[in-house]
Amino acid sequence: MANQSAAEQSNVAEQTNIDQLSINTIRLLSVDAVQKANSGHPGLPLGAAPMAYVLWSKFLRFNPQHPGWPNHDRFVLSAGHGSALLYSMLHLYGYDLPMEEIKNFRQVGSKTPGHPESMLTPGVEVTTGPLGQGFGNGVGIAMAEAFLAARYNKDSFKLFDHYTYGIVSDGDLMEGVASEAASLAGHLKLGKIIYLYDDNNISLDGPTSLAYTEDAMKRFDAYGWHTQTVQDGNDVAAIEQAIRNAQQETEKPSIIAVKTIIGFGSPMQGTSKVHGSPLGEENVRKTKETLGWDPNITFYVPDEVRTHLQEPAKRGAELEAEWNKLYESYSQKFEQEGKELHMALEGKLPEGWDKGMPVFKGGEALATRQASGKALDIIKKNVPWMLGGSADLASSNEMPTKGDISFQPGHYDNGNVWFGVREHAMGSIMNGIASHHGVRTYGGTFLTFSDYMRGAIRLAALTEAPVTYVFTHDSIGLGEDGPTHQPVEQVTALRAIPNLTVIRPGDANETIEAWRIAMKKMHGPVALILSRQKMPNIDQEKYAPAAGNVQKGAYILSEAEGGQPDVILIGTGSELHLAVQAQEELKKENIKARVVSMPSWELFEQQDQSYRNEVLPPNIHQRVAVEAGITMGWWKWVTAEGAVIGIDRFGESGPGDEVMKLFGFTVENVVNKAKAVLGK
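What you are looking at is a predicted structure, and each value in this text was computed from that prediction instead of being measured. (Residues numbered from 1 in each chain as written. Predicted model: local features only at pLDDT ≥ 70, side-chain atom pairs only at ≥ 80, totals over all residues. Heavy atoms only, no water.)

Undergrad: How should the packing of aromatic side chains be read in this particular structure?
TA: The geometry of an aromatic ring pair comes down to the distance between the two centres and the angle between the two planes. Considering all chains together, one arrives at 28 aromatic pairs under this definition. With centroids separated by 5.4 Å and ring planes inclined at 90°, the aromatic side chains of F220 and Y223 adopt a geometry described as edge-to-face. With F220 and Y223 both in helix α8 (residues 216-223), this residue pair falls three residues apart, about one helical turn. Given a relative accessible area of 1%, F220 falls into the buried group. On the numbers, 5.6 Å between centres and 5° between planes, the contact of Y469 with F471 is stacked. Ring pairs connect the aromatic residues W56, F62, F75, Y93 and Y95, which therefore count as one cluster. Seen from the ring of F334, K154 lies directly overhead, with NZ or CZ sitting 5.3 Å from the centre. The lysine or arginine in question, R495, covers the ring of W601, its NZ or CZ lying 4.2 Å from the ring centre. (Phe/Tyr/Trp six-rings, centres within 6.5 Å; stacked < 30°, edge-to-face > 60°. Helix = DSSP H or I, 4+ residues; strand = E, 2+ residues; numbered from the N terminus. Buried < 20%, exposed > 50% of the residue type's maximum accessible area, 1.4 Å probe, protein only. Lys NZ or Arg CZ within 6 Å of the ring centre and 35° of its normal.)

Set out below in structure tokens:
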């Protein structure tokens, strides 16, 4: 400072003081929230507050009055257990999160739950907590930004030009989903990702040296990331410079290892004891004393700190106002693109979005995965803001591949993504894409591999993310690959997830309708369960049409002749045609059977009681359900007097039709079960 004037030196000192005062305010507001709740994780906020402060004060572009403006920088707290830090930041930087909510941390009905929830708290971009998920979400957000920028940006009109920042932890980097996502991000050269790694050498059970001794930065070097290390997590100048360096690297995602001390300033700093438990009243006092705070006050924000931390919001409001003017000019100069983009950002579908969807004739044989592929081809042509793909199974999932270079560096405008063999990352990335707005997303794999991505599916359901899963090869009918690839429990397991709509269409026309349902659903994920093997299309001139009926979840496909049915046959997926054929055979024996197609339990349960009673009359208990999966859950629909033709064991390798016969998925067995429930 020898060459600086007295005034300049005073300025630096003042800035340093307000920096430190702000950081300690963030730290201790978080500590007070955890202590009042007597629950939470004080260690991360105490250690990571400096990096969060630098990021939010000097880099992050946001407007708390309008958190969702399209070109704001995204911040992902992948280490969601440190939620008290995020809530303190949101409160101090001007979001609609009053002090009362900070005081109600982790309490029923508050906007400050134990882990961040995007549907609940203003300013929370994605729901995090299950480690590694936020890491993948950030990759998805960056992919959406790159896609929209490549499609819609013009010279002098950079509508999409924002960063995706995040704070990740040791635990995040240990999770396999983060490794999958990091590998893909490096390949895609997503240079707008900048993650700060809270490198504190501690996890919940103890030092990371017990299980995690690799050189993580070398791993990320190998992934194709730009890596840096800041040796002192309290060195705000070094953190700032590292972020600026990361911004200069435009063709590699960046990760900055910031060496922090967990629980900094507390008596238990540097130990796992401060990871996931409140400090205790006495230790809170000691922590405040160490940090130069009055130990007798709680939830205290100095006036100068509150004033100082409002400045970034003012800058953000100005940036949004500039963006709005740019967007208006863009819409006037590029009328077609402007209309398209407006519709995408509003989450709407263009008029005629399903124009050209096929209607299949009865008697034709087609696998529902093939029908899905035809539908998706048309949807992607009509809805150009679709971004999705398959986990290295596009040809099997019947997803667009021909003549397409795909979403790659230099071709971010292409909507076909090669996720690679990374099912879990695909799921978390889809959630990130959906959170960005302006993009619709889908992802495909074999149904049995939905288990790999279940954590991400669950979070999509929790956050009502509008994503579509294309799960093919849905039963033992896939054949020779055998029980390792033959799903039996997966459909039921997916049906168990709240807010997830599962649709298992019974033929090609039901599949087309399933896609219509998925595209119209703006809140909540949809799982399409599709067959590998071909099945006959139901004759829509003879039987009830799929259009207008699939959306009800279950409907009377074929009514019994001659009055009230004796038995109701319920079918889904590739087994529906067995019920239709069994009806004809039972008719020959003067047994009146109604056939009900039931592609979606969830949609059926949303119908009013009168409609449900119409389809499944309460006085008719003689029912037979047929589905090539476990029988669990079906008894709700067939009653104790009914029967379920299912499979409650693993399958068998062999030609698909022979395996289906082996396990009783035949017309003859459906007929026999129907007669059995009737006592014949």
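Undergrad: Whenever I open this one, the side chain of T112 confuses me. Can you help?
TA: Position of T112 among the secondary structure elements: in the loop between α4 (99-103) and α5 (133-152). There is a polar contact of 2.7 Å between the side chain of T112 and the backbone oxygen of E101. Leaving out residues up to four positions away in the same chain, T112 has contacts with Y87, L97, E101, I102, N104, F105 and R106. (Polar contact = N/O pair within 3.5 Å; in protein donor to acceptor, adjacent residues only side chain to side chain. Contact = heavy atoms within 4.5 Å.)

Undergrad: Sorry, what's going on with the layout of surface pockets here?
TA: Gaps left between atoms show up when a probe the size of a water molecule is rolled over them. Roughly 1100 Å³ of volume is contained in the largest pocket. Around the largest pocket sit 47 residues that line it, and E125, A434, S435, H436 and H437 are the ones nearest its centre. Of all the secondary structure elements, the ones that give two or more residues to the lining of the largest pocket are β1 (74-77), α12 (311-333), α13 (335-345), α16 (423-436) and α17 (454-463). Looking at which element gives the most residues to the lining of the largest pocket, the answer is α16, with four residues. Composition of the lining of the largest pocket by domain shows at least three residues from each of domain 1 (33-316) and domain 2 (364-537). (1 Å grid on protein atoms, 1.4 Å probe; cavity = no way out; pocket = protein on both sides within 12 Å on 5 of 7 lines; lining within 4 Å. Points joined across faces, edges and corners; volume = space filled by probe spheres on them. Domains from an automatic or database assignment.)

Undergrad: Would you mind going over the sheet that holds strand β18 (residues 593-597) with me for this structure?
TA: Strand pairing in a sheet is mediated by backbone hydrogen bonds. Such pairs are either parallel or antiparallel. What the five strands build is an open sheet, ordered β16-β18-β17-β19-β20; its pairing is mixed. For this open sheet the edge positions go to β16 (555-558) and β20 (643-645), each flanked by a neighbour on one side alone. Each strand of the sheet is rotated relative to its neighbour by a mean of 30°, with strand direction disregarded. Pairing geometry for strand β19 (residues 623-626) and β20, over three bridges, is parallel. When the bridges of β20 are listed, V624 appears paired with A643. This element, helix α20 (residues 576-587), spans β16, β17 (567-571) and β18 of the sheet and lies at about 170° to β18. (Pairing = 2+ DSSP bridges. Axes fitted to C-alpha atoms, helices over the stretch in contact; angles between N-to-C directions.)

Undergrad: I tried to follow the environment of E304 on my own but got confused; where do I start?
TA: Along the polypeptide, E304 turns up in helix α11 (residues 303-308). Given the relative accessible area of 45%, E304 is considered partly exposed. The spatial distance from the C-alpha of E304 to the C-alpha of S22 is 8.8 Å, given a sequence separation of 282 residues. Sequence-distant contacts of E304, defined by excluding residues within four places in its chain, comprise I18 and L21.

Undergrad: Which parts of the structure should I look at to understand the side chain of T631?
TA: Mapped onto the secondary structure, T631 falls in the loop between β19 and α23 (635-638). Overall, the relative accessible area of 12% leaves T631 in the buried class. Excluding residues that lie within four positions of it along the chain, T631 makes contacts with V644, G646 and D648.

Undergrad: Would you mind showing me how to read helix α14 (residues 368-382) here?
TA: Helical periodicity: at 3.6 residues per turn, an α-helix aligns residues three or four positions apart in one direction. Between its first and last C-alpha, α14 extends 21 Å over 15 residues, near the 21 Å set by a 1.5 Å rise per residue. Turning to α14, its buried residues are T368, R369, A371, S372, G373, A375, L376, I378, I379 and K380. (Expected span 1.5 Å × (residues − 1).)

Undergrad: Looking at this structure, I do not really get the nonpolar core. What am I missing?
TA: Generally speaking, a soluble globular protein has its nonpolar side chains buried in company with each other. Core analysis: the biggest nonpolar cluster contains 150 residues, and F135, V139, W225, Y469, W515, L569 and F665 have the highest contact counts within it. Among the elements that line this core, the one with the most residues is α5, at 10 residues. Dropping the residues within four chain positions of it, L569 is found in contact with A579, A582, Q583, L586, A593, R594, V595, V596, V624, V670 and A674. (Core = buried A, V, L, I, M, F, W, Y, C linked by side-chain atoms within 4.5 Å.)

Undergrad: Any chance you could explain the pattern of salt bridges here in plain terms?
TA: Where charged atoms from two side chains of opposite charge approach closely, those side chains can pair. Here the structure, examined in full by the defined rule, presents 25 salt bridges. Across the salt bridge formed by D73 and R61, the nearest N and O atoms sit 3.0 Å from each other. Taken together, the positions of D73 in the loop between α2 (43-58) and β1 and R61 in the loop between α2 and β1 put the pair 12 residues apart, joining distant regions of the chain. Accessibility expressed as a relative area gives 2% for D73, which makes it buried. (Salt bridge = Lys/Arg side-chain N within 4 Å of Asp/Glu carboxyl O.)

Undergrad: Please clarify how the confidence of the model for the chain should be interpreted in this entry.
TA: Close reading of the predicted structure is inappropriate where its pLDDT is low. Averaged over the chain, the pLDDT score is 96; the fraction of residues at 70 or greater is 97%. For the chain, per-element mean pLDDT is lowest for helix α1 (residues 6-37), which scores 80, and highest for strand β3 (residues 193-199), which scores 99. (pLDDT = per-residue confidence, 0-100.)

Undergrad: Looking at this structure, I do not really get the environment of T271. What am I missing?
TA: Relative to the elements of secondary structure, T271 occurs in the loop between β7 (254-259) and α10 (281-290). Here the alpha-carbon distance between T271 and R369, two residues 98 residues apart in the chain, equals 52 Å. If sequence neighbours within four positions are ignored, T271 has contacts with I202 and I262. Looking at T271, its side chain comes within polar contact range of the main-chain oxygen of M268, at 2.7 Å.

Undergrad: How should the domain arrangement of the chain be read in this particular structure?
TA: According to the domain assignment, the chain consists of domain 1 (33-316), domain 2 (364-537) and domain 3 (552-678). Using only C-alpha atoms to locate each centre, domain 2 and domain 3 end up separated by 26 Å. Counting residues at the interface gives 27 residues for domain 2 and 32 residues for domain 3. Taking both partners together, domain 2 and domain 3 bury about 2300 Å²; carbon and sulfur atoms supply 57% of that area. For the pair domain 2 and domain 3, the number of links is three salt bridges. Close ionic contact of E575 with R504 constitutes a salt bridge, the shortest N to O distance being 2.7 Å. Between the two partners, domain 2 and domain 3, sit 15 residue pairs in polar contact (both at pLDDT 80 or more). (Buried area = accessible area lost by both parts, 1.4 Å probe.)

Undergrad: Would you explain empty space enclosed by the protein in this entry?
TA: Enumeration according to the criterion identifies four cavities of 30 Å³ or more in this entry. Here the largest cavity is characterised by a volume of approximately 50 Å³. Taken together, G388, G389, S390, A394, M399, P400, N416, V417, W418 and Y442 form the lining of the largest cavity. Only β9 (386-390) and β10 (416-418) provide two or more residues apiece to the lining of the largest cavity.

Undergrad: So what exactly am I meant to see when it comes to the UniProt feature "binding site: thiamine diphosphate" (unreviewed entry) in the chain here?
TA: The feature "binding site: thiamine diphosphate" (unreviewed entry), as given by UniProt, occupies H81, G129, P130, L131, G171, N200, H275 and F449 in the numbering adopted here. Taken along the chain, the residues just named run across 369 residues; in space they spread out, the farthest C-alpha pair reaching 34.3 Å. Of note, G129 is situated in the loop between α4 and α5. Given the relative accessible area of 13%, G129 is considered buried. Beyond its immediate chain neighbours, meaning those up to four positions away, G129 contacts S78, G80 and H115. With respect to the helices and strands, N200 occurs in the loop between β3 and β4 (202-203). (UniProt positions renumbered as here; feature names shortened; annotations may be inferred.)

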